[in-house]
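# Topology and contacts: notes
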Amino acid sequence: MTAPQLLGPSTVRELARRYDVRPTKRWGQNFVVDANTVRRIVKLAGVDSDSVVLEVGPGLGSLTLGLLEVGAEVLAVEIDPVLSRALGSTIFRQAPDQAKHLYVINSDAMELTLASLDAEQIPGALVANLPYNVAVPVLLHLLAEFESLGNGLVMVQWEVAERLAAPPGSRTYGVPSVKAAWYAEVTQQGRVPRSVFWPVPNVDSGLVSFRRRPPPRTSASRADVFACVDAAFAQRRKSLRSALADWAGSKDAADAALVAAGIDPALRGERLDIEQFAAIAEQRQAART
């Protein structure tokens, strides 16, 4: 079996010319041109020939080829219709023996649902170079929609990587940190220099891995908990008593929910973890019933 030929700078540019691809900021198109970076991502993701991998934004196929190289089944979701049509041809040319393990969907990842896939396509891992401008909503949508995603690794803008993996109390802790923690344990896996992309972006990227874990044990719904999180960070300089007043109905109601959850109402949201937010939402729900 012939090993896949990963893409280098000259091949990426040649493919872009062939398909008249002009990378756009709208879809966050920056293509990886370094094979070592691709192999690093695949290794850190921990996928192998037993893996069914969801890849979002495969672009010209750099990471796709790396995933096929280790024998993974790849479900590639590409929003750009030109790139979506071209991907199969590129993979057949660069990895003819592995092309049968690729399935391409021309779709917005935010519209991808479990119901739209066949049973044999249900992914167990997510490995993707996510567009900078939609990385957080895409990741949260996929974690919510596909409970089958037990682990994964995504490449995002460095500042986003910091926020996703930030612990309570840290400078970068915020809404993405808390909501991602509902689904999984999130860990930073290092920086990726901008020089490995074409076109070269204005910022470095970061790698973030996740491993699914059960959500907090609570009678409150995820929507209720997330609404509490949004309210707490909408006015992050304020105490929770003040920041949650509108969400709870009044300052007194917010104070009561916080005290019942065992949380000091004078704290700010940046000090709380996902379990504590879930406890607040549960207490507020209980007060309303």
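Nothing here was measured: the structure is a model prediction, and the numbers come from that model.

Further remarks concern the environment of Gln 94. Within the element layout of this structure, Gln 94 appears in helix α4 (residues 81–94). Considering only alpha carbons, one finds Gln 94 and Gly 61, 33 residues apart in sequence, at a separation of 9.6 Å. For Gln 94, the residues in contact, after removing those within four places along its chain, are Ala 3, Pro 4, Gln 5, Leu 6, Leu 7, Thr 11 and Leu 65.

Glancing now at the packing of helix α5 (residues 135–145) against helix α7 (residues 175–183). Packed helix pairs are specified by the crossing angle of their axes together with the interaxial distance, meaning the distance between the axes. Packing of α5 against α7 brings their axes to within 10 Å, and their N-to-C directions diverge by 20 degrees. What the angle tells us is that α5 and α7 run roughly parallel. Crossing of α5 against α7: the hand is left-handed. Contacts from Val 136, Leu 140, Leu 143 and Ala 144 of α5 reach α7 at Pro 176, Lys 179, Ala 180 and Tyr 183. Of the residues belonging to the contact of α5 with α7, the class tally is seven nonpolar, no polar and one charged.

Spatial strand order, β4-β3-β2-β5-β6-β9-β7: seven strands in an open sheet with mixed pairing. The sheet is open, and its two edges are formed by β4 (102–106) and β7 (184–192), each paired on a single side. Taken over all neighbouring pairs, the strand axes of this sheet differ in orientation by 20 degrees on average, direction set aside. Where β7 meets strand β9 (residues 205–212), seven bridges bridge the pair, whose relative direction is antiparallel. The partner of Gln 188 across the bridge, within β9, is Val 208. Packed onto the sheet, α4 meets β3 (73–78) and β4 and runs at close to 170 degrees relative to β4. In the packing of α7 onto the sheet, the strands contacted are β7 and β9, and the crossing angle to β7 comes to about 125 degrees.

Before going further, it helps to examine the pattern of salt bridges. Note on pairing: side chains with opposite charge can pair once their charged atoms come close. Applying the stated rule across the entire model yields seven salt bridges. Here Arg 191 makes a salt bridge to Asp 204, at a shortest N to O gap of 3.4 Å. Remark: Asp 204 occurs in the loop between β8 (197–198) and β9 and Arg 191 occurs in strand β7; sequence separation between them is 13 residues. With a relative accessible area of 39%, Arg 191 lands in the partly exposed category. Judged by relative accessible area, Asp 204 falls into the buried class, the value being 18%. Among the ionic pairs, Arg 236 bridges to Glu 270, the shortest N-O distance being 3.5 Å. Of the two residues, Arg 236 sits in the loop between α8 (222–234) and α9 (240–243) while Glu 270 sits in the loop between α11 (251–260) and α12 (274–288), which places them 34 residues apart along the sequence. Arg 236 gets classed as partly exposed once you look at its relative accessible area, which sits at 29%. Among the charged side chains, a salt-bridge network with shared partners connects Arg 191, Arg 194 and Asp 204.

Rules used throughout
Residues numbered from 1 in each chain as written. Predicted model: local features only at pLDDT ≥ 70, side-chain atom pairs only at ≥ 80, totals over all residues. Heavy atoms only, no water. Helix = DSSP H or I, 4+ residues; strand = E, 2+ residues; numbered from the N terminus. Contact = heavy atoms within 4.5 Å. Axes fitted to C-alpha atoms, helices over the stretch in contact; angles between N-to-C directions. Parallel < 35°, antiparallel > 145°, perpendicular 65-115°, else oblique. Left-handed = near helix turned anticlockwise from the far one by under 90°. Nonpolar A, V, L, I, M, F, W, Y, C, P; charged D, E, K, R; others polar. Pairing = 2+ DSSP bridges. Salt bridge = Lys/Arg side-chain N within 4 Å of Asp/Glu carboxyl O. Buried < 20%, exposed > 50% of the residue type's maximum accessible area, 1.4 Å probe, protein only.

Scope: geometric values only; no functional claims are made or implied.
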